[in-house]
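If you want the building blocks of each chain, they are given just below.
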Amino acid sequence: MSTTRPYSPGDRGPEPSGASGAPAGRQVRTLSFDDQSGVVPLARDFARQALYAWGWLPADSADQRAAAEDVLLVVSELVTNACLHAEGPDRMELTCDNKVIRVEVSDRGTGQPAPRTPHRAGRPGGHGMFIVQRLCLDWGVVRTPGVSGKTVWAELGAPA
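Bear in mind the structure is a predicted one, so any value in this text is a computation, not a measurement.

(A) Representation of the environment of Val39. Structurally, the position occupied by Val39 is in helix H1 (residues 39-53). Leaving out residues up to four positions away in the same chain, Val39 has contacts with Phe33, Val79, Cys83 and Pro89.

So, in structure tokens, the structure goes:
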């Protein structure tokens, strides 16, 4: 799992300048956290609404239900980490292409998220990025030179 690569292996990064709109079948939803309180439940509710709109919910099977719950858990972990380690999140973007959901949480923090090593099961705290690493196909951090902060991204596969 990557903690430095800005994009997953099959992704070539952002669309070139001048490209119009999202690729066919790709849907994007963005939530701004400006002046919001209770950002973790707000982010989960926003993600749940997107999952309904994209047909991940209501789930027809236990696997589909588990996949949707995994997305909600990853959203919670990334937003919570931004609250605990980076003065709170600025925005969250969810992207779905029917095969993968990408969760991106942007903040102004300078820290580098990483799973705690060694992972200590049964001890409180410090499990967020370990959970993200275990549930996701891949994850990483995007930094823009000359701009403070970062975007932590994670990708989850659609249920079969």
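Having seen the structure, we can now continue with the description.
(B) A look at the sheet that holds strand S4 (residues 138-142). Across the sheet, which stays open at both edges, the five strands sit in the order S1-S2-S3-S5-S4 with antiparallel pairing between neighbours. The open sheet is flanked by strand S1 (27-32) and S4, the only strands paired with a single partner. The mean inter-strand angle of the sheet, taken between neighbouring strand axes irrespective of direction, is 15 degrees. Pairing between S1 and strand S2 (residues 89-96): six bridges, direction antiparallel. Across the sheet, Gln27 pairs through a bridge with Cys96, a residue of S2. Against the sheet, H1 contacts S1, S2 and strand S3 (100-107), and its axis sits at roughly 160 degrees relative to S1.

Reading guide: rules and limits
Residues numbered from 1 in each chain as written. Predicted model: local features only at pLDDT ≥ 70, side-chain atom pairs only at ≥ 80, totals over all residues. Heavy atoms only, no water. Helix = DSSP H or I, 4+ residues; strand = E, 2+ residues; numbered from the N terminus. Contact = heavy atoms within 4.5 Å. Pairing = 2+ DSSP bridges. Axes fitted to C-alpha atoms, helices over the stretch in contact; angles between N-to-C directions.

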